[in-house]
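Topology and contacts: notes
Each chain is listed here by its residues.
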2 protein chains.
Amino acid sequence: MNAQIHEPLVIEPARRAPVGIVIGDANGIGPEVVAKSWASGRLHQVCRPILIGSAAAMERAVAALGLDLRVRAIAAPDMAQADPQVMDIIDSGALDPAAITPGRDTAASGRAVGTWLAQADQLARAGALGATVMAPVSAVALEMAGMLDRIVTAKPGETYLVLFSGALRITHLTDHMPLREVSAMIDKDLIALTLRKMDAALRQWGIAAPRIVVAGFNPHAKGTEDSEEIAPGVAAARREGIDVTGPVSPDSVFRHCLEGHYDMVLAMYHDQGHIAIKTACFSGNVALFLGPPYPQVTVAHGTAYDIVGRGVADHSMVLNAILAAGSLAAGNAFANLH
Amino acid sequence: MNAQIHEPLVIEPARRAPVGIVIGDANGIGPEVVAKSWASGRLHQVCRPILIGSAAAMERAVAALGLDLRVRAIAAPDMAQADPQVMDIIDSGALDPAAITPGRDTAASGRAVGTWLAQADQLARAGALGATVMAPVSAVALEMAGMLDRIVTAKPGETYLVLFSGALRITHLTDHMPLREVSAMIDKDLIALTLRKMDAALRQWGIAAPRIVVAGFNPHAKGTEDSEEIAPGVAAARREGIDVTGPVSPDSVFRHCLEGHYDMVLAMYHDQGHIAIKTACFSGNVALFLGPPYPQVTVAHGTAYDIVGRGVADHSMVLNAILAAGSLAAGNAFANLH
C-alpha cells in the first residue's frame, strides 16, 4: 500500500507542538517505519517529535536500515532537541532488550506496548505532549499481556473513530457493532452530543467556523431513524449555533465533503464511513480518536511480522499520521494534509 | 455533473445490436439529451439505435438545439437505417404533440411514457431489441397517470439494481428498504440464487469466466449474517462451479473490484454499493436492471425541468447508458466502457 505524500506541510518553529510517538510493538515493523519517517526530515518541519518505547528496538531498526540517525534516551518531553539526526526517546525500561523477538507475538512485548501507551496518554493529559501517535501494535501481544484495553476504542458518546484523507473527513457515530443493532443506537440526544464534540474538536484543531454534515441512516435519508432521531438531533445542535446540515442521503454526503462543501461528515455506522474513504481514497487515510482531550492518532495497518527488519516496510502511513498529529496539535487544522 | 467519456468504443457492424431508447418524459430534458447523444455519432459505432416515443418531441429538441438531424417514423425495429443523420423513431401516437408542455408534469405525458416503456419491453422480450435504455422520466407524471409500476424496480430474487463505472460493478441484493430490515432479508438461498443470476448475466454480456465477490454485511464481514447466511450461500454457488469469493470485508471489497480483481461485487444493501460508487466514481456510473431477459439500462438523473429546451443539459450520462446497452447486448462485456 503506497500512500501519497502531497504538498510539504511546514509549521513555523514557535508553533510546533511536542508529539509523542509510541514506537509500536518492538517485534513488528513499528520501529523501522518510525525511523524511516524520522529520517525523512519531514517531522521536524511540523512538530517536535518524541519517541516513547524501547531505545534498543530503535537502535536495531536504525542499524538494520543503515540510517544515519542516533538514538538518545531522555527523561521527559521538554528535554527533546530539535535535531533531525537524533531520535529522542523516553524509554521507561518496560521492555528488556533481550526480550525482543522480531516477527513474534510475546506477552513481554505486549506488556511494554501497554505501558508505553499509558505513559503517552498521561503525558498528553498533563499537557507535556500536544498529540500522540501509535505506530503498529499487535492486538494478539496486548491480549497475551492482558492489556488489550490500553488501546482506545470507539464508544458512542465518549470516543469516536475519525478517518480522514484529503478533504474527506468522517466521524463515526458507532464503530464495531452488528449492523442490525445500529438502528437502536441512533438517538437524537446522542446525535446532538456528538455534533457538539465534533464542533469543539474542529475548532480546537484550527477550523474557525466548522461546517458539519450528517449522513442519513436509510437510503436517501428517508426512514424513521432519519426523521425521528437524526433530524431532531441536528435541529438541536443548530439551535446551539452549530453549523450543521442533514440528514443528507448517505450515497451523496461523502462526495459533498470530498468536494469541499463541508469540513466533516458524521457517519452513522462503521461501513458507511469506511466504504466511502477506503473506496475513494486508496490507503492514504489517517485514523484518530475524537474524545480524548488531545489528538490521538493511530496507524491503520498492522505489525507486518513477515517483513520485519528487511527495510521494505512502507513508512508513508506512519509519516502521514505524525504529520497529521503535529498539524492538529498546532491548531493548523487539515491544511496541507492530504 | 460531468461524466467522463473515455476510449472510443467501437463494435464491428455485423455485431451491432438493435437498442431501443425510450426518449423519456417529453416535457423534460430526455429528448434533447437523446438528440445530442445521437448527434455525437458515437451510437452508430456501437449499436443500431432506435428511438421509442414522440416524433414531435424529438423534432422540437432538434430544432431547439439547432442540430443537423432528421426525424423519421418507423413501424418496427427492423426498419431502422444505420444513418447517424436520421433518428429512426417508433411513435405509437401515445402522446398528442399538442399536449407537450415543457417543464411541467402531466398525466398525459406520464401515460405516454408508461406506454413507451411497455412497448420497449415487449419488443426486447420478442427479440426485436437487444437492450433498452430509459432516458429521464418523471415519477410524478407516471404516478399522475397511474403507471408508476411501469418503471422496473429492484425486487430481491427477481430484479436487481446494478451500478457500474469503470472496473467497479455492483449488483445490489436489496435496494430501497429500511436498513434495519435488511438483516432479515439476508438468506443463504437468496444469496446462491442471486449468484447464479449474476454469473449467467455476466456470461451473457460477454465475460467468459466471471469472477464474483460478495460483500459481507457487518464490519469486517464478522457477524451472524456473514457466517450463517452469506458464507453458506457463497459455498453453495461455488459447489455449482461459480467462481465466487466472500464474504469479504465491506470496506475493502469495492476497492478490490476497482483494482480489477473481480468482475462484479454483490452488495447486501443500497448504500453499501451506492456509497462506494458515488464516492469513488463521481457521476459517470450506469444503472441497469439484472433480471429481465435483456439489459435494461436506465439513466441516473431526472427530467431537470428547470433547464428544458435551453440546450445546456449534459448528455454524457444518457450517452454512456446507450453505449453500455449496446456493448452488453453485443456480448462485448464492459470493454471500453468506463
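Predicted model, so just to flag it, every value in this text is computed and none were measured.

**Section: the relation of the copies chain B and chain A**
Each copy of the sequence occupies a distinct position, and chain B is placed on chain A by a rotation of 180° and an axial shift of 0.0 Å, giving an RMSD of 0.0 Å. Such a turn and shift between the copies fits a two-fold axis. Rotation axis and chain B: the residue whose C-alpha lies nearest the axis is Ala280(B), separated from it by 2.0 Å. Same-surface contact between copies: 100% of interface residues of chain B are shared with the interface of chain A.

**Quick word on the packing of aromatic side chains**
All names here are of chain A. Enumeration according to the criterion identifies seven aromatic pairs over all chains in this entry. For the ring pair phenylalanine 164 and phenylalanine 334, a centre distance of 5.0 Å and an interplane angle of 80° mean the geometry is edge-to-face. With phenylalanine 164 in strand E6 (residues 160–165) and phenylalanine 334 in the segment after helix H10 (316–329), the pair connects residues that are 170 residues apart, well separated along the chain. Residue phenylalanine 164 is classed as buried on the basis of its relative accessible area of 1%. Of the residues examined, phenylalanine 334 reaches a relative accessible area of 7% and is grouped as buried.

**Overview of the domain arrangement of chain A**
Residues and elements named next belong to chain A. Along its sequence, chain A is carved into domain 1 (13–152 + 292–337) and domain 2 (160–278). A straight line from the C-alpha centre of domain 1 to that of domain 2 covers 30 Å. Taken together, both faces of the contact between domain 1 and domain 2 bury some 710 Å²; the carbon and sulfur share is 72%. On the domain 1 side of the contact with domain 2, Leu328, Ala333 and Phe334 bury the most area, a combined 65% of that side's loss. For the interface between domain 1 and domain 2, the tally reads zero salt bridges. At the junction of domain 1 and domain 2, the tally comes to two residue pairs in polar contact (both at pLDDT 80 or more). Here the residues of the side of domain 1 that touches domain 2 sort into seven nonpolar, two polar and no charged.

**Remarks on the nonpolar core**
Formed by 195 residues in total, the largest nonpolar core has its most connected members in Leu195(A), Met268(A), Leu195(B), Met268(B) and Phe334(B). In terms of nonpolar packing, the next biggest core, distinct from the first, is built from 40 residues, Val213(B), Ala276(B), Ile277(B) and Ala287(B) among them.

**Some details on the interface of chain B and chain A**
Counting residues at the interface gives 31 residues for chain B, matched by 31 residues for chain A. In this assembly, chain B packs against chain A so that about 2,600 Å² is buried in total across both faces, 57% of it on carbon and sulfur atoms. For the pair chain B and chain A, the number of links is four salt bridges. For Asp251(A), the salt bridge is made with Lys278(B), and the minimal N-O distance between the two is 3.7 Å. Between the two partners, chain B and chain A, sit 12 residue pairs in polar contact (both at pLDDT 80 or more). Mapped onto the side of chain B that touches chain A, the elements with two or more residues apiece are helix H7 (224–239), helix H8 (250–258) and helix H9 (270–280) of chain B. No other element matches the nine residues that H9(B) contributes to the side of chain B that touches chain A. Class assignment for the residues of the side of chain B that touches chain A results in 14 nonpolar, 10 polar and seven charged.

Rules of the game
Residues numbered from 1 in each chain as written. Chains lettered and ligands numbered in written order. Predicted model: local features only at pLDDT ≥ 70, side-chain atom pairs only at ≥ 80, totals over all residues. Heavy atoms only, no water. Least-squares fit on C-alpha atoms with pLDDT ≥ 70 in both. Contact = heavy atoms within 4.5 Å. Phe/Tyr/Trp six-rings, centres within 6.5 Å; stacked < 30°, edge-to-face > 60°. Helix = DSSP H or I, 4+ residues; strand = E, 2+ residues; numbered from the N terminus. Buried < 20%, exposed > 50% of the residue type's maximum accessible area, 1.4 Å probe, protein only. Domains from an automatic or database assignment. Buried area = accessible area lost by both parts, 1.4 Å probe. Salt bridge = Lys/Arg side-chain N within 4 Å of Asp/Glu carboxyl O. Polar contact = N/O pair within 3.5 Å; in protein donor to acceptor, adjacent residues only side chain to side chain. Nonpolar A, V, L, I, M, F, W, Y, C, P; charged D, E, K, R; others polar. Core = buried A, V, L, I, M, F, W, Y, C linked by side-chain atoms within 4.5 Å.

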